[in-house]
Amino acid sequence: MRIPEMTPADVVALVNENGTLPCRTDGRAPTTASLTPLADELHPIFATIDPAARALQVTALLQLSGVRPELDATLTESWTVDDPTQASRAAAALALRHHLSAHPGRLGVCADDQCADVYVDASPAGKRRFCCLTCQNRARAAAFRRRHAG
């Protein structure tokens, strides 16, 4: 079976909308409960700081999914799996593999204490720490209140 393409942003959405930790932290139910196990497999990749450990995690997902490259008649690269149930795992692992090979270290978990969502850092400086502006503003407001507390 040919694997559908998935972008890093698609992987982030999958994890944030279906992962146990992001959903529990936000007090919401997963969008698609059948994707929760995959989202829970992917969340630690974003939480890992060590590039070598992150590479091992992505490699393990690729091996587990049984993904393999193919070249079609038009000489276009594609990726396939024998087991159709592994297609989503393989697509997510490939998206992370491609992103990390071009942008190592540009994945993370939101730095806000009240959030466990993940993000892909596409900022020019590569210094992103929050999943969204809401979390960034909440964390900054909390830091301001702590500094000015009597």
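It should be emphasised that the depicted structure is a prediction, and the values quoted were computed from it without experimental measurement.

Basis of the calculations
- Residues numbered from 1 in each chain as written.
- Predicted model: local features only at pLDDT ≥ 70, side-chain atom pairs only at ≥ 80, totals over all residues.
- Heavy atoms only, no water.
- Helix = DSSP H or I, 4+ residues; strand = E, 2+ residues; numbered from the N terminus.
- Buried < 20%, exposed > 50% of the residue type's maximum accessible area, 1.4 Å probe, protein only.
- Contact = heavy atoms within 4.5 Å.
- Pairing = 2+ DSSP bridges.
- Salt bridge = Lys/Arg side-chain N within 4 Å of Asp/Glu carboxyl O.
- Expected span 1.5 Å × (residues − 1).
- Arc of directions from axis to C-beta.

1. Considerations on the overall build of the protein
- Scanning the protein for helices and strands turns up 6 helices and 4 strands.
- Written out in order from the N terminus, the α and β elements of the protein read α-α-α-α-β-β-α-β-β-α.
- On the principal axes, the C-alpha backbone points of the protein span a range of 70 × 35 × 25 Å.
- By the burial criterion, 39% of the 150 residues in the protein qualify as buried.
- Once local pairs closer than 6 in sequence are excluded, the contacts in the protein between residues at least 24 apart make up 46%.

2. Observations regarding the pairing of strand 1 (residues 68–71)
- Both strand 1 and strand 2 (residues 77–80) contribute to a ladder of 4 bridges, which runs antiparallel. Pairing of L71 across the sheet is with E77, part of strand 2.
- Hairpin connection, strand 1 to strand 2: the antiparallel pair is bridged by 5 residues, and L75 has positive phi, about 60°.

3. Some thoughts on the pattern of salt bridges
- Taken as a whole, this structure holds 6 salt bridges when the rule is applied.
- With a shortest N-O distance of 3.0 Å, D26 and R28 are connected by a salt bridge.
- Across the pair D117 and R28 runs a salt bridge, and its minimum N-O distance is 3.5 Å. In this pair, D117 sits in the loop between strand 3 (107–109) and strand 4 (118–120) while R28 sits in the loop between helix 2 (20–26) and helix 3 (36–47), placing the two residues 89 residues apart along the sequence.
- The buried category is assigned to D117, whose relative accessible area is 11%.
- In the salt-bridge network here, residues are joined through shared partners; they are D26, R28 and D117.

4. Thoughts on the environment of A93
- Residue placement: A93 occurs in helix 5 (residues 87–102).
- Sequence separation between A93 and P8 is 85 residues; the distance between their C-alpha atoms is 9.5 Å.
- Once residues lying within four places of it in the same chain are set aside, the contact partners of A93 are V58, L61 and L62.

5. Some remarks on helix 3
- Spanning 12 residues, helix 3 covers 17 Å between terminal C-alpha atoms, matching the ideal 16 Å at 1.5 Å per step.
- When we look at burial in helix 3, the residues that qualify are T36, L38, A39, L42, H43, I45 and F46. Axial view of helix 3: buried residues confined to an arc of 155°, hence all on one face.
- Where helix 3 is buried, its residues touch helix 1 (8–18), helix 2, helix 4 (51–65), helix 5, strand 3 and strand 4.

6. Some details on the environment of L21
- As for its placement among the helices and strands, L21 is situated in helix 2.
- You can call L21 partly exposed: its relative accessible area is 40%.
- Linking L21 and L56, residues 35 residues apart in sequence, is a C-alpha distance of 22 Å.

Functional significance is not addressed by these values, which are geometric in nature.
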